[in-house]
Amino acid sequence: MPTLLVKNIHTLLTMDASRREIKNGYILVRDGVIEALGSSSDLREGLTDEMIDASHHIVLPGLINTHHHMVQSLTRVIAQNDELFGWLKALYPIWSGLSGEAVYTASKLAMAELMLSGCTTSSDHLYIFPNDVTLDHQIQAAKEMGIRFHAARGAMSVGESKGGLPPDKVVEDEEFILKDTRRLIEQYHDATPQAMLRIVVAPCSPFTVSQDLMRESAALARSYGVSLHTHLAENDNDIAYGLEQFGQRPGNYVESVGWIGEDVWHAHCVKLDSREINLFGHTHTGVCHCPSSNMRLASGIAPIRQMLDARVNVGLGVDGSASNDGGHLLNEARQAMLLQRVSGSPSALSAREALEIATLGGASVLGRDDIGALAVGMSADFIAFRLDTIGFAGAVHDPASALTFCASPHVDFSVINGRVVVKEGQILTVDVPVMVEQHNKISRKLINGE
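Note that this is a predicted model, so its numbers are computed, not measured.

1. Concerning the side chain of Lys108
Then step 1. Relative to the assigned elements, Lys108 resides in helix H2 (residues 100-116).
Then step 2. On the accessibility criterion, Lys108 (12% relative accessible area) is buried.
Then step 3. In this structure Lys108 touches Ala141, Glu144, Met145, Val430 and Met435, once residues within four positions along its chain are discounted.

What follows is the structure, given as structure tokens:
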């Protein structure tokens, strides 16, 4: 069984039940699981397969990204001045030209960007399947990159001719959607602890799928014991569509189709009202907060402080690389902290609360108890940032807070499932220049309609 020792850690931020912050700490990993951790003064060293000296680092649990559209890394900075619906209408025709190769390449690039920012576990919501695209292309990318992955099989079934937002040419038949989702669960889903790959059932949004598909998807997911995910209450037009088409606000809508509970999480939720927030709190329904995307599309400021006070499970997401135009998850934690202060008070969200959302919150949203904290028996997913840098100078007296108050750096080390995947700032699982060149070639062709 391979072993890894990280010792002399300047500050070890555990996020465990006691929220311990250990100076001069260590972590011992065996076979992908944390075997021991604590103060290096108590460490009895033996032979290990690999050792890292982290005397200049802060080490913390890997960050967890609970909402993304990785394929959108191919179409950044398009529809720069549109809100959600106009932005989607501008991009749907471009995305209709996607291929399996494009999804595979875009996913690898997005995963690399996430990993460099401190992400060790990510979900992705792929909901458009033109040409030869399948979710298998993305799953293969995750396996090669070495990231822990929750692959959400999205879907759109209601096109413009039926009152939906997307063009008819990019929607799918609902019977096929359910059949393919069942195939993916049976072929790939791993429900065991420390699983590297899980499947999520994820119809896209209230304005792209029918109520029947929402109900059938919920029944399918629960028959297999897998999670459910969709977009909800993202902006005012989203609310208006639900009132016009269903005569319901988002809370009533999801309740009516069976989309509440601890196995469900919704992206955005910018426009939830107090009743809906309390509904999510007492049903343990999760929310993914996507601050940069919400700002970029002028959707508004999600009431995260109110959600936390109502005991809603809240995680963090970078959202799509075409509505965020970046995939830096640590920066999203920073944005989340600052944005709540804009809408509330200087103490609306603390630095450590922002990090909790990005770690423990993400784990709860994804329904996992084996990631999000560093403790014996937990998955060995952790990250290390150098503290002896320009960006942290003057802030090392409180390195945990420096992670969100100071400019967002890249990781120096990242360990996923006990494997070092980023070393001294370099990703070890892909040739980055070659990947970027291939990605840009595909992007140019896609945007130019070639």
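Now that the structure has been shown, the text picks up again.
2. Topic: the packing of H2 against helix H3 (residues 135-145)
Then step 1. Look at H2 against H3: their axes get within 8 Å of each other, and the N-to-C directions meet at 40°. Here the hand of the crossing between H2 and H3 comes out right-handed. Packed against H2, whose contacting residues are Gly100, Val103, Tyr104, Ser107, Lys108, Met111, Ala112 and Met115, the element H3 presents His137, Gln138, Gln140, Ala141, Ala142, Glu144 and Met145 at the interface.
Then step 2. Partitioned by chemical class, the residues of the contact of H2 with H3 number eight nonpolar, five polar and two charged.

3. Some words on the environment of Trp87
Then step 1. Tracing the backbone through its elements, the reader meets Trp87 in helix H1 (residues 84-95).
Then step 2. When its relative accessible area of 3% is taken as the criterion, Trp87 is described as buried.
Then step 3. For the pair Trp87 and Ser18, spaced 69 residues apart in sequence, the C-alpha to C-alpha distance is 44 Å.

4. Examining the environment of Leu5
Then step 1. Here Leu5 lies in strand S1 (residues 3-13).
Then step 2. A relative accessible area of 3% means that Leu5 is categorised as buried.
Then step 3. Taking the C-alpha atoms as reference, Leu5 lies 8.5 Å from Asp53; in sequence the two are 48 residues apart.
Then step 4. Once residues lying within four places of it in the same chain are set aside, the contact partners of Leu5 are Tyr26, Ile27, Leu28, Leu43, Glu45, Thr48, Glu50, Met51 and Ile52.

5. Details of the nonpolar core
Then step 1. By size, the foremost hydrophobic cluster in this structure holds 142 residues, and its most contacted members are Ile27, Phe280 and Phe382.
Then step 2. Considering each element in turn, this core owes the most residues, 10 residues, to H2.
Then step 3. Ranked by size, the runner-up nonpolar core spans 11 residues in total, among them Ala152, Val200, Trp265 and Ile371.

Reading the values: the criteria
Residues numbered from 1 in each chain as written. Predicted model: local features only at pLDDT ≥ 70, side-chain atom pairs only at ≥ 80, totals over all residues. Heavy atoms only, no water. Helix = DSSP H or I, 4+ residues; strand = E, 2+ residues; numbered from the N terminus. Buried < 20%, exposed > 50% of the residue type's maximum accessible area, 1.4 Å probe, protein only. Contact = heavy atoms within 4.5 Å. Axes fitted to C-alpha atoms, helices over the stretch in contact; angles between N-to-C directions. Left-handed = near helix turned anticlockwise from the far one by under 90°. Nonpolar A, V, L, I, M, F, W, Y, C, P; charged D, E, K, R; others polar. Core = buried A, V, L, I, M, F, W, Y, C linked by side-chain atoms within 4.5 Å.

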